[in-house]
Amino acid sequence: MKDFLKILRQYASPYKGLMAGSVLLNILSAVFNIFSFAILVPILSILFKVDDTVYEFIPWDSAVALKDKLLNNLYFYVSDFAGTHGAINALLMLSAVMIVFTALKTSCYFGSNAVMIPISTGIVKEIRCRMYNKILSLPIGFFTEERKGDIVARISGDVSEVENSIVASLSMLIKDPILIVIYFGFLIWISPEMMAFTILFAPAFVWLMGLIGKRLKRNSLEAQALWSDTMSQVDETLGGLRVIKAFNAESKMRSRFQDVTDRMRKKVARVSIRQATAHPVSEFLGTVMILVVLCVGGAMIIGGKSLIGGGKFIDAPTFIYFLVILYSVIEPIKELSKATYSVRKGMASMDRINRILDAENPIKDSAQPLKLDGFKDSIRLEDVSFHYENGREILSHVDLEIPRGKMIAIVGESGAGKSTLVDLIPRFWDVTGGRITIDGKDIRDVSVKDLRTLMGNVNQDPILFNDTIFNNIAFGVENATMEQVVAAAKIANAHDFIMEKEEGYNTNIGDRGSKLSGGQRQRLSIARAILKNPPILILDEATASLDTESERLVQDALDRLMGGRTTIAIAHRLSTIKNADEIIVMHEGRIVERGTHEKLIDLGGYYKKLNDMQAL
Ligand code: ADP
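A. Quick peek at unusual backbone geometry. Non-glycine residue Asn248 carries a positive phi angle of around 50 degrees. At His397, a position not held by glycine, the phi torsion is positive, near 45 degrees. Relative to the helices and strands, His397 is located in strand S2 (residues 393-403).

As structure tokens, then:
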């Protein structure tokens, strides 16, 4: 319950007014319900002629108890009306009044549900948006720990689960306690003695329902975890279809999927069975409760006196009225028990959602970030060391200066730590030892946004979106015009192939640009970097996966992109970096050689070896 209130505080606070409206409408609906059934008492009296008392009007300001005054005067008005207009007309009149009250009651009921709709839809949207924003703000490192399918499962499945369980129960959780309290209060007012028998049931109710609901949350948590596994498998399968088919691994994948869905089915079935018990158990207990009251009340009426000495006798019509209202309580009790079960189930999903929402973001802006006004001087890595979470050291004591306007190339065998090193500069990860400065300022002291504004990336696998060519090029720039995009594409050697497409710049390039060749994708990502026009460029093996022809076009585009900028380039093919101002050779996380191409060849060390291998 505490967790549930926390969710309400977090998400429902903008809707206080609507909530209050719902509470008010629910109270009204309960009151109208009581009034509409109150009419039953005189109707029954007239029909069964159980009452031959002659009622005298009691003035409203007399000292008689309000309840007695109310009932007496109601009888008085009805018998007076029946006396002058006849019993049938009295019956019709009472029915008409009852219809009016019922209409009022159902309208309030509708209203109370209707005001909940903007609340529930708003909460669900808010949860989704907060999750999405969190995904955008978390560092890249977070997602190497979490599987993509799992994140998708949380933002889709778990949010839907919260929607169907917690949010859908919200109206019941507001409405039912109000109804129960009002009805019970009213019943105590009518007959405290009979209510005493009824209330004996409350502990039994609570105990039994609690017993059944106990393991609901844990089972539900396990079921949702299996849903994550399912989504992860779908994600992996979509990404790996080519390999699965090439290795004839369809049947293996099929049985893996069968296995996980089967386990999930069993868990979900267990949760559902438990949940399904809520309704019949409360219905059963409710009926037993009514029967006990029926026996107690029946004994009272048959005996013609109260069962407890000093208790108050209640007549038959009032007794029936009591039963009707008591029956009205059963429904909210049933709903409430169902809702509490649902909430428990939904809490499991909420926990999974909160695991993302509450995840700590280690890449934080400092409280008062220093101003970073362009890039003027140099980037320096000072005694930088780095290891991934709990892993071995990947970079050890790296010192490097990248002066403005120069091109620094990083080479070395695979796994030497080149990509890790360049990831530290835009703060995709933070150094674990030493520091990186830009124009003398520690990059942890300037805002991440300012820092990244200065940088453009071109990677080995260009990252493109399922959108038009125009939007992919204009991605990093607000309000880019067609002229600017075309100009960037021209510099990137991309304009010609774009114009050959049927819809030119408006062509959709498919998922991750799958409708383009590797070289074309790369040239689009270069055009994107050209349009952003950053002073610092980070190239991560931008031409490594291309054939010679595309490489020439891409390299040509890259050369133009690099013109006048500071470039840090990881290179696979040494031919592409011969002109670099300084070449850094890395080996097992350390810089082992540095210098120009000629100098390093003369040195006859690692670089010479790499160069000779490529010449072969
Ligand atoms: P390079 O770019 O020189 O090929 P990387 O910087 O990609 O090398 O990798 C250096 C080392 O860091 C490798 O041993 C790799 O296994 C490890 N590594 C890379 N990324 C991660 C990660 N996210 N978590 C843990 N280890 C990683």
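Once the structure has been displayed, the description carries forward.
B. Here's a closer look at the sheet that holds strand S7 (residues 536-540). If you walk across this open sheet you meet the six strands as S6-S7-S8-S3-S9-S10, and the pairing is mixed. Because the sheet does not close on itself, it has two edges, and the strands there are strand S6 (455-459) and strand S10 (590-595). This sheet shows a mean twist of 20 degrees between the axes of neighbouring strands, independent of strand direction. Direction of pairing for strand S3 (residues 407-412) relative to strand S9 (residues 582-587): parallel, over a ladder of five bridges. Bridged to Val411 within S9 is Val585. Helix-sheet contacts for helix H19 (residues 518-532) involve S6 and S7, and the interaxial angle to S6 is about 175 degrees.

C. Expanded view of the domain arrangement of the chain. According to the domain assignment, the chain consists of domain 1 (17-357) and domain 2 (378-615). Relative placement of domain 1 and domain 2: their C-alpha centres are 60 Å apart. At the interface, six residues of domain 1 touch four residues of domain 2. Both sides together, the interface formed by domain 1 and domain 2 hides about 330 Å², and carbon and sulfur atoms give 60% of it.

D. Broad picture of the packing of aromatic side chains. On inspection of all chains with the given rule, the structure shows 12 aromatic pairs. Here the aromatic rings of Phe32 and Phe101 are separated by 6.1 Å at their centres, their planes lie at 40 degrees, and the arrangement is tilted. One end of the pair, Phe32, is in helix H2 (residues 16-38); the other, Phe101, is in helix H5 (residues 87-137), and 69 residues separate them in sequence. Between the aromatic rings of Phe57 and Phe76, the centroid separation amounts to 5.5 Å while the plane-to-plane angle is 55 degrees, which identifies the pairing as tilted. In this pair, Phe57 sits in the loop between helix H3 (40-48) and helix H4 (66-85) while Phe76 sits in helix H4, placing the two residues 19 residues apart along the sequence. Members of the aromatic cluster, joined through ring pairs, are Phe57, Trp60, Phe76 and Tyr77.

E. The arrangement of H5 in detail. Taking 1.5 Å as the rise per residue, H5 with 51 residues should run 75 Å; its terminal C-alpha atoms sit 75 Å apart, in good agreement. When the local axis directions of H5 are compared, the greatest deviation, roughly 25 degrees, occurs at Ile117, which is followed within four positions by the proline Pro118.

F. Here's a closer look at the side chain of Ser396. Among the structural elements, Ser396 can be located in strand S2. By relative accessible area, which is 7% here, Ser396 ends up buried. Side chain to side chain, Ser396 and Glu393 meet in a polar contact 3.2 Å long. Not counting residues up to four positions away in its chain, the partners in contact with Ser396 are Val384, Ser385, Gly589 and Arg590.

G. Local environment of the pattern of salt bridges. All chains considered together, the criterion is met by 20 salt bridges. Where Arg256 meets Glu236, a salt bridge forms, and the shortest distance between an N and an O atom there is 3.1 Å. Of this pair, Arg256 sits in helix H11 (residues 250-276) while Glu236 sits in helix H10 (residues 216-246), and the two are 20 residues apart along the sequence. Arg380 is the partner of Glu382 in a salt bridge, and the nearest nitrogen-oxygen pair spans 3.6 Å. Connected through shared salt-bridge partners, Arg380, Glu382, Glu401 and Arg435 make up one network.

Conventions we followed
Residues numbered from 1 in each chain as written. Predicted model: local features only at pLDDT ≥ 70, side-chain atom pairs only at ≥ 80, totals over all residues. Heavy atoms only, no water. Helix = DSSP H or I, 4+ residues; strand = E, 2+ residues; numbered from the N terminus. Pairing = 2+ DSSP bridges. Axes fitted to C-alpha atoms, helices over the stretch in contact; angles between N-to-C directions. Contact = heavy atoms within 4.5 Å. Domains from an automatic or database assignment. Buried area = accessible area lost by both parts, 1.4 Å probe. Phe/Tyr/Trp six-rings, centres within 6.5 Å; stacked < 30°, edge-to-face > 60°. Expected span 1.5 Å × (residues − 1). Bend = angle between axes of the 7 residues up to and from the residue. Buried < 20%, exposed > 50% of the residue type's maximum accessible area, 1.4 Å probe, protein only. Polar contact = N/O pair within 3.5 Å; in protein donor to acceptor, adjacent residues only side chain to side chain. Salt bridge = Lys/Arg side-chain N within 4 Å of Asp/Glu carboxyl O.

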